[in-house]
Amino acid sequence: MTGLGGTGRLADDLYLLAHHEATGKPHLQPRALGQGLAAGLLAELLMAEAIRVGRGSVVAAGGLMPGDDVSGLVARRVASEPEPLPVRDWLAFLGQTAARDVARRLEWAGYLTHERCWRGERWVPVDADCAFAPLTRIGAVLRPSGLPGLEAARHLALAGLAVACGLGHQLWLYLPPDADQRLGAALQWLDPGLRELIAETQAAVDSALLSHRV
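Sequence order sets the numbering: in each chain, residues are counted from 1 along the sequence as written. Per-residue local features are limited, in this predicted model, to residues with pLDDT of at least 70; the limit for side-chain atom pairs, both in listing and counting, is 80 or more; totals at the level of whole chains, interfaces and linings are taken over all residues. Side-chain figures throughout are based on the complete set of non-hydrogen atoms in the structure, without hydrogens or water.

Chemist: Which parts of the structure should I look at to understand the environment of G95?
Modeler: Counting from the N terminus, the helices are the DSSP runs of H or I reaching at least four residues and the strands are the DSSP runs of E reaching at least two. Relative to the assigned elements, G95 resides in the loop between α4 (87-94) and α5 (98-109). For the pair formed by G95 and A32, sequence separation is 63 residues and the distance between their alpha carbons is 8.4 Å. Residue contacts are counted whenever heavy atoms from the two residues lie within 4.5 Å of one another. Those residues in contact with G95 that lie beyond four places of it in its chain are G34, Q35, A38 and W90.

Right, dumping it as structure tokens:
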């Protein structure tokens, strides 16, 4: 059953942030959305210590394998590479199917329903409050008395990736005026691998948007 607490998976929360809570309409262009969600999947593995990110590359770390099929497949793909590959290569590769893969995972969890419309198909949130809840949790962790420990790191990484893939405008609409400054300071407490992943995502999305405009 769905709930305001979410699935506990970073890419799931990022998907919900990136779509309208009632209609499911995306707030991002497909390429930015795909690369952002690819980064979300890598962040899940990074926080589970299944991979490491450093010096611009991704490498398997031998931690616990994720329990779901989507993250598990990504972890196995990373582990199967004989040499570390650049973060941006993984973002480009995983970004081709990340939106669909994460949407299906959310559908299995009961957060989305698959509908067909005149434009094709769309995943629509089952409950608007549950779809909006990730933004509420980000607001909570950016308060002076924010959440402690691992949960705080996950919500901060979520906020950092949301801004990196172009969702800052969505966050600042609902968060306090100084939330962007609080986030910038709080991100310094994240694991260096997470910070690097956020920076690489920002650069990849910026490059994709620039090439789209040229």
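Chemist: I keep staring at the packing of aromatic side chains and nothing clicks. Help me out?
Modeler: Each aromatic ring pair is characterised by the separation of its centres together with the angle its planes make. Aromatic contacts are taken between Phe, Tyr and Trp rings whose centres are within 6.5 Å, Trp giving its six-membered ring; a plane angle under 30 degrees counts as stacked, one over 60 as edge-to-face, and the others as tilted. One pass over the full model with this rule turns up two aromatic pairs. Both rings, one in W90 and one in F93, keep their centres 6.2 Å apart while their planes meet at 70°; by these two values the pair is edge-to-face. Of the two residues, W90 and F93 both sit in helix α4, three residues apart, roughly one turn of that helix. Only protein chains enter the area calculation, which uses a 1.4 Å probe; residues under 20% of their type maximum are buried, those over 50% are exposed, and those in between are partly exposed. Given a relative accessible area of 3%, W90 falls into the buried group. F93 sits in the partly exposed class, given a relative accessible area of 40%.

Chemist: Would you mind showing me how to read the environment of A128 here?
Modeler: In this structure, A128 sits in helix α6 (residues 128-141). Accessibility expressed as a relative area gives 33% for A128, which makes it partly exposed. Residues A128 and D101 lie 27 residues apart in sequence; the distance between their C-alpha atoms is 21 Å.

Chemist: Would you mind going over the sheet that holds strand β2 (residues 57-60) with me for this structure?
Modeler: The strands that make up a sheet are held in pairs by hydrogen bonds between backbone atoms, and each pair lies either parallel or antiparallel. Any two strands are treated as partners once DSSP identifies two or more bridges connecting them. The sheet built from three strands is open, its strands ordered β1-β2-β3 with antiparallel pairing. Strands at the two margins of the open sheet, each flanked by one partner only, are β1 (51-54) and β3 (85-86). As defined by bridge partners, β1 adjoins β2 across four bridges and the pair is classed as antiparallel. Looking at the pairing, I51 lines up with A60 of β2.

Chemist: Please explain helix α3 (residues 69-80) as it appears in this structure.
Modeler: Because each turn of an α-helix spans 3.6 residues, side chains separated by three or four positions end up pointing in the same direction. To estimate how far a helix should extend, the number of its residues minus one is multiplied by 1.5 Å. The terminal C-alpha atoms of α3 lie 16 Å apart, and with twelve residues this matches the ideal 16 Å at 1.5 Å per residue to within 8%. Within α3, the full set of buried residues consists of V70, S71, G72, V74, A75 and V78.

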